[in-house]
Amino acid sequence: MSEGKLVIFSAPSGAGKTTIVRHLLSLNLNFGFSVSATTRKPRGTEQNGKDYYFISTEEFRNKINRDEFLEWEEVYPGCFYGTLKSEVNRICKNGQNILFDVDVVGGSNIKKYYGEKALAVFIQPPSLIELENRLLARSTDCPEMIRERIAKAEHELTYVNLFDIIIINDQLENALQEAEVNVRKFLDKSPDWKNCK
Ligand code: ADP
Ligand code: 5GP
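None of these values were measured; they are calculated from a predicted model. (Residues numbered from 1 in each chain as written. Chains lettered and ligands numbered in written order. Predicted model: local features only at pLDDT ≥ 70, side-chain atom pairs only at ≥ 80, totals over all residues. Heavy atoms only, no water.)

Undergrad: Please explain helix α5 (residues 128-138) as it appears in this structure.
TA: Given 3.6 residues to a turn, an α-helix orients residues that are three or four positions apart in the same direction. Within the sequence span of α5, burial applies to Leu131, Arg134 and Leu135. Along the long axis of α5, the arc covered by the buried residues comes to 95°, so they all point the same way. What points out from α5, more than 90 degrees from its buried face, is the exposed set Ile129 and Ala137. In this structure, the buried side of α5 is in contact with α6 (143-156). (Buried < 20%, exposed > 50% of the residue type's maximum accessible area, 1.4 Å probe, protein only. Helix = DSSP H or I, 4+ residues; strand = E, 2+ residues; numbered from the N terminus. Arc of directions from axis to C-beta. Contact = heavy atoms within 4.5 Å.)

Structure follows, in C-alpha coordinates:
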(Lines give C-alpha, C1' and ligand atoms only; values in the text may rest on other atoms or scores of the structure.)
(Ligands and ions follow the chains in the order given, each with its own letter.)
Protein backbone atom coordinates (compact mmCIF):
# COMPACT_ATOMS: atom_id res chain seq x y z
CA MET A 1 0.00 0.00 0.00
CA SER A 2 1.36 3.42 -0.97
CA GLU A 3 2.39 6.09 1.54
CA GLY A 4 3.68 9.66 1.60
CA LYS A 5 1.73 10.76 -1.48
CA LEU A 6 -0.09 14.06 -1.61
CA VAL A 7 -3.53 14.70 -3.05
CA ILE A 8 -5.03 18.20 -3.02
CA PHE A 9 -8.73 18.97 -3.48
CA SER A 10 -9.73 22.58 -4.14
CA ALA A 11 -12.95 24.24 -5.27
CA PRO A 12 -15.14 27.26 -4.75
CA SER A 13 -17.11 26.80 -1.55
CA GLY A 14 -20.27 24.74 -2.15
CA ALA A 15 -18.96 22.86 -5.21
CA GLY A 16 -19.00 19.56 -3.29
CA LYS A 17 -15.36 19.19 -2.30
CA THR A 18 -16.01 18.06 1.28
CA THR A 19 -18.53 15.47 0.06
CA ILE A 20 -15.96 14.03 -2.35
CA VAL A 21 -13.10 14.17 0.16
CA ARG A 22 -15.23 12.31 2.76
CA HIS A 23 -15.95 9.61 0.18
CA LEU A 24 -12.24 9.15 -0.53
CA LEU A 25 -11.46 9.00 3.19
CA SER A 26 -14.05 6.23 3.58
CA LEU A 27 -12.19 4.04 1.07
CA ASN A 28 -9.23 1.91 2.02
CA LEU A 29 -6.63 4.20 0.39
CA ASN A 30 -4.44 4.83 3.45
CA PHE A 31 -5.22 8.56 3.57
CA GLY A 32 -4.72 10.86 6.53
CA PHE A 33 -6.68 14.12 6.34
CA SER A 34 -4.66 17.29 6.78
CA VAL A 35 -6.62 19.10 9.50
CA SER A 36 -6.33 22.84 8.82
CA ALA A 37 -6.34 25.60 11.40
CA THR A 38 -9.07 28.24 11.08
CA THR A 39 -10.34 31.28 12.93
CA ARG A 40 -13.96 30.68 11.88
CA LYS A 41 -16.44 29.18 14.33
CA PRO A 42 -17.42 25.49 14.12
CA ARG A 43 -20.66 24.80 12.22
CA GLY A 44 -23.07 21.88 12.41
CA THR A 45 -21.42 18.75 13.78
CA GLU A 46 -17.83 19.88 13.17
CA GLN A 47 -15.32 18.81 15.80
CA ASN A 48 -12.12 20.50 16.91
CA GLY A 49 -9.09 18.45 15.85
CA LYS A 50 -11.10 16.40 13.38
CA ASP A 51 -12.60 18.87 10.88
CA TYR A 52 -10.42 21.84 11.82
CA TYR A 53 -8.32 23.18 14.65
CA PHE A 54 -10.56 26.08 15.68
CA ILE A 55 -8.26 28.77 17.07
CA SER A 56 -8.40 32.49 17.84
CA THR A 57 -7.07 35.13 15.44
CA GLU A 58 -4.32 35.90 17.95
CA GLU A 59 -3.23 32.26 18.08
CA PHE A 60 -3.33 32.12 14.27
CA ARG A 61 -1.07 35.21 14.03
CA ASN A 62 1.35 33.66 16.51
CA LYS A 63 1.57 30.56 14.33
CA ILE A 64 2.28 32.74 11.26
CA ASN A 65 5.07 34.49 13.17
CA ARG A 66 6.53 31.15 14.27
CA ASP A 67 6.49 29.95 10.61
CA GLU A 68 4.25 26.99 11.49
CA PHE A 69 2.22 27.08 8.24
CA LEU A 70 2.99 25.42 4.92
CA GLU A 71 0.51 27.94 3.50
CA TRP A 72 -2.20 30.19 4.88
CA GLU A 73 -4.84 32.51 3.45
CA GLU A 74 -7.36 35.06 4.63
CA VAL A 75 -9.95 33.12 2.63
CA TYR A 76 -12.79 35.51 3.59
CA PRO A 77 -12.35 38.95 5.17
CA GLY A 78 -11.27 38.40 8.77
CA CYS A 79 -11.42 34.60 8.35
CA PHE A 80 -8.06 32.81 8.26
CA TYR A 81 -7.30 29.24 7.19
CA GLY A 82 -3.93 27.50 7.06
CA THR A 83 -2.18 24.17 6.51
CA LEU A 84 0.12 23.34 9.40
CA LYS A 85 3.54 21.87 8.64
CA SER A 86 3.02 19.69 11.72
CA GLU A 87 0.03 18.01 9.97
CA VAL A 88 2.19 16.94 7.03
CA ASN A 89 4.73 15.49 9.47
CA ARG A 90 2.08 13.80 11.64
CA ILE A 91 0.44 12.02 8.70
CA CYS A 92 3.72 11.20 7.02
CA LYS A 93 5.14 9.66 10.21
CA ASN A 94 1.96 7.55 10.42
CA GLY A 95 2.97 6.04 7.07
CA GLN A 96 -0.10 7.45 5.30
CA ASN A 97 -0.87 9.42 2.14
CA ILE A 98 -2.00 13.01 2.75
CA LEU A 99 -5.32 14.48 1.62
CA PHE A 100 -5.65 18.28 1.60
CA ASP A 101 -8.99 20.15 1.39
CA VAL A 102 -8.01 23.78 0.82
CA ASP A 103 -9.17 26.81 -1.15
CA VAL A 104 -7.98 27.28 -4.73
CA VAL A 105 -5.15 29.68 -3.83
CA GLY A 106 -3.87 27.39 -1.08
CA GLY A 107 -4.22 24.37 -3.39
CA SER A 108 -2.26 25.99 -6.19
CA ASN A 109 0.46 27.02 -3.70
CA ILE A 110 0.80 23.48 -2.30
CA LYS A 111 0.92 22.14 -5.87
CA LYS A 112 3.64 24.66 -6.79
CA TYR A 113 5.63 23.62 -3.71
CA TYR A 114 5.43 19.84 -4.27
CA GLY A 115 5.19 19.76 -8.10
CA GLU A 116 4.86 16.24 -9.56
CA LYS A 117 4.80 14.74 -6.07
CA ALA A 118 1.25 16.04 -5.62
CA LEU A 119 -1.99 15.49 -7.53
CA ALA A 120 -4.05 18.69 -7.58
CA VAL A 121 -7.76 18.23 -8.27
CA PHE A 122 -10.15 21.10 -8.98
CA ILE A 123 -13.84 20.45 -8.30
CA GLN A 124 -15.96 22.64 -10.53
CA PRO A 125 -19.67 23.34 -10.00
CA PRO A 126 -21.90 22.99 -13.10
CA SER A 127 -22.80 26.72 -12.80
CA LEU A 128 -22.75 29.62 -10.34
CA ILE A 129 -26.53 29.35 -9.97
CA GLU A 130 -26.21 25.70 -8.95
CA LEU A 131 -23.41 26.67 -6.55
CA GLU A 132 -25.72 29.17 -4.86
CA ASN A 133 -28.51 26.58 -4.71
CA ARG A 134 -26.18 24.12 -2.98
CA LEU A 135 -25.01 26.67 -0.43
CA LEU A 136 -28.65 27.60 0.28
CA ALA A 137 -29.64 23.93 0.57
CA ARG A 138 -26.69 23.20 2.89
CA SER A 139 -28.12 25.82 5.29
CA THR A 140 -24.87 26.28 7.18
CA ASP A 141 -24.05 29.86 6.20
CA CYS A 142 -25.96 33.11 6.67
CA PRO A 143 -27.16 34.98 3.51
CA GLU A 144 -24.28 37.46 3.73
CA MET A 145 -21.73 34.66 3.93
CA ILE A 146 -23.36 32.94 0.93
CA ARG A 147 -23.17 36.18 -1.09
CA GLU A 148 -19.50 36.48 -0.13
CA ARG A 149 -18.80 32.90 -1.25
CA ILE A 150 -20.58 33.31 -4.61
CA ALA A 151 -18.80 36.60 -5.29
CA LYS A 152 -15.49 34.89 -4.66
CA ALA A 153 -16.30 31.81 -6.77
CA GLU A 154 -16.16 33.66 -10.08
CA HIS A 155 -12.54 34.66 -9.47
CA GLU A 156 -11.66 31.21 -8.07
CA LEU A 157 -12.79 29.55 -11.31
CA THR A 158 -9.93 31.35 -13.12
CA TYR A 159 -7.40 29.21 -11.19
CA VAL A 160 -8.56 26.01 -12.84
CA ASN A 161 -5.57 25.76 -15.22
CA LEU A 162 -3.12 25.43 -12.33
CA PHE A 163 -4.58 22.03 -11.42
CA ASP A 164 -3.80 18.57 -12.82
CA ILE A 165 -7.40 17.41 -13.07
CA ILE A 166 -10.79 19.13 -13.30
CA ILE A 167 -13.89 17.27 -12.17
CA ILE A 168 -17.27 18.85 -12.87
CA ASN A 169 -19.52 17.87 -9.99
CA ASP A 170 -22.90 17.72 -11.70
CA GLN A 171 -24.18 14.21 -10.93
CA LEU A 172 -22.60 13.35 -7.59
CA GLU A 173 -22.22 9.62 -8.33
CA ASN A 174 -20.22 10.39 -11.50
CA ALA A 175 -18.01 12.91 -9.70
CA LEU A 176 -17.28 10.44 -6.87
CA GLN A 177 -16.38 7.76 -9.39
CA GLU A 178 -14.14 10.10 -11.41
CA ALA A 179 -12.36 11.28 -8.26
CA GLU A 180 -11.81 7.71 -7.08
CA VAL A 181 -10.47 6.47 -10.44
CA ASN A 182 -8.00 9.35 -10.80
CA VAL A 183 -6.78 9.19 -7.22
CA ARG A 184 -6.27 5.41 -7.40
CA LYS A 185 -4.32 5.84 -10.65
CA PHE A 186 -2.08 8.48 -9.04
CA LEU A 187 -1.47 6.41 -5.91
CA ASP A 188 -0.62 3.34 -8.01
CA LYS A 189 1.73 4.94 -10.49
CA SER A 190 3.79 7.65 -8.75
CA PRO A 191 6.77 6.57 -6.60
CA ASP A 192 6.46 6.69 -2.80
CA TRP A 193 8.42 9.42 -1.11
CA LYS A 194 8.75 10.89 2.38
CA ASN A 195 7.73 14.42 3.39
CA CYS A 196 8.63 13.93 7.06
CA LYS A 197 11.17 16.35 8.45
P1 ADP B 1 -17.73 22.28 -0.31
O2 ADP B 1 -16.94 21.43 0.62
O3 ADP B 1 -17.11 22.39 -1.67
O4 ADP B 1 -18.06 23.63 0.27
P5 ADP B 1 -19.97 20.43 0.18
O6 ADP B 1 -19.36 19.10 -0.03
O7 ADP B 1 -20.26 20.86 1.57
O8 ADP B 1 -19.14 21.57 -0.60
O9 ADP B 1 -21.30 20.46 -0.71
C10 ADP B 1 -22.19 21.60 -0.67
C11 ADP B 1 -23.62 21.08 -0.61
O12 ADP B 1 -23.98 20.53 -1.88
C13 ADP B 1 -23.82 19.98 0.42
O14 ADP B 1 -25.10 20.16 1.02
C15 ADP B 1 -23.79 18.69 -0.43
O16 ADP B 1 -24.56 17.66 0.15
C17 ADP B 1 -24.38 19.16 -1.75
N18 ADP B 1 -23.83 18.47 -2.95
C19 ADP B 1 -22.60 18.01 -3.18
N20 ADP B 1 -22.48 17.50 -4.43
C21 ADP B 1 -23.70 17.64 -5.01
C22 ADP B 1 -24.25 17.31 -6.31
N23 ADP B 1 -23.51 16.72 -7.26
N24 ADP B 1 -25.54 17.61 -6.55
C25 ADP B 1 -26.30 18.21 -5.61
N26 ADP B 1 -25.86 18.55 -4.36
C27 ADP B 1 -24.58 18.28 -4.06
P1 5GP C 1 -15.27 26.24 4.97
O2 5GP C 1 -15.44 27.46 5.84
O3 5GP C 1 -16.41 26.05 4.00
O4 5GP C 1 -14.93 25.00 5.76
O5 5GP C 1 -13.98 26.50 4.06
C6 5GP C 1 -13.90 27.64 3.28
C7 5GP C 1 -12.75 27.48 2.31
O8 5GP C 1 -11.50 27.44 3.01
C9 5GP C 1 -12.82 26.17 1.53
O10 5GP C 1 -12.51 26.43 0.17
C11 5GP C 1 -11.77 25.33 2.19
O12 5GP C 1 -11.23 24.35 1.29
C13 5GP C 1 -10.73 26.38 2.49
N14 5GP C 1 -9.71 25.91 3.43
C15 5GP C 1 -9.83 25.01 4.41
N16 5GP C 1 -8.65 24.79 5.00
C17 5GP C 1 -7.75 25.57 4.35
C18 5GP C 1 -6.33 25.76 4.48
O19 5GP C 1 -5.65 25.17 5.30
N20 5GP C 1 -5.75 26.63 3.63
C21 5GP C 1 -6.46 27.31 2.69
N22 5GP C 1 -5.79 28.13 1.89
N23 5GP C 1 -7.79 27.16 2.55
C24 5GP C 1 -8.42 26.29 3.36
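Undergrad: Help me understand the packing of aromatic side chains in this model?
TA: For any pair of aromatic rings, the description consists of the separation of the ring centres together with the inter-plane angle of the planes. Within this structure, the stated rule accounts for eight aromatic pairs. Between phenylalanine 60 and tryptophan 72, the aromatic rings sit 6.4 Å apart at their centres with planes inclined by 80°, giving edge-to-face as the arrangement. One end of the pair, phenylalanine 60, is in helix α2 (residues 57-65); the other, tryptophan 72, is in strand β5 (residues 69-76), with 12 residues separating them in the sequence. The class for phenylalanine 60 is buried, based on a relative accessible area of 1%. Residue tryptophan 72 is classed as partly exposed on the basis of its relative accessible area, which comes to 37%. Ring plane angle 70° and centroid distance 5.3 Å describe the contact between phenylalanine 122 and phenylalanine 163, whose orientation is recorded as edge-to-face. Here phenylalanine 122 is found in strand β8 (residues 118-124), whereas its partner phenylalanine 163 is found in the loop between α6 and β9 (165-168), with 41 residues between them in sequence. Judged on exposure class, the residue phenylalanine 122 and its partner phenylalanine 163 are both buried. (Phe/Tyr/Trp six-rings, centres within 6.5 Å; stacked < 30°, edge-to-face > 60°.)

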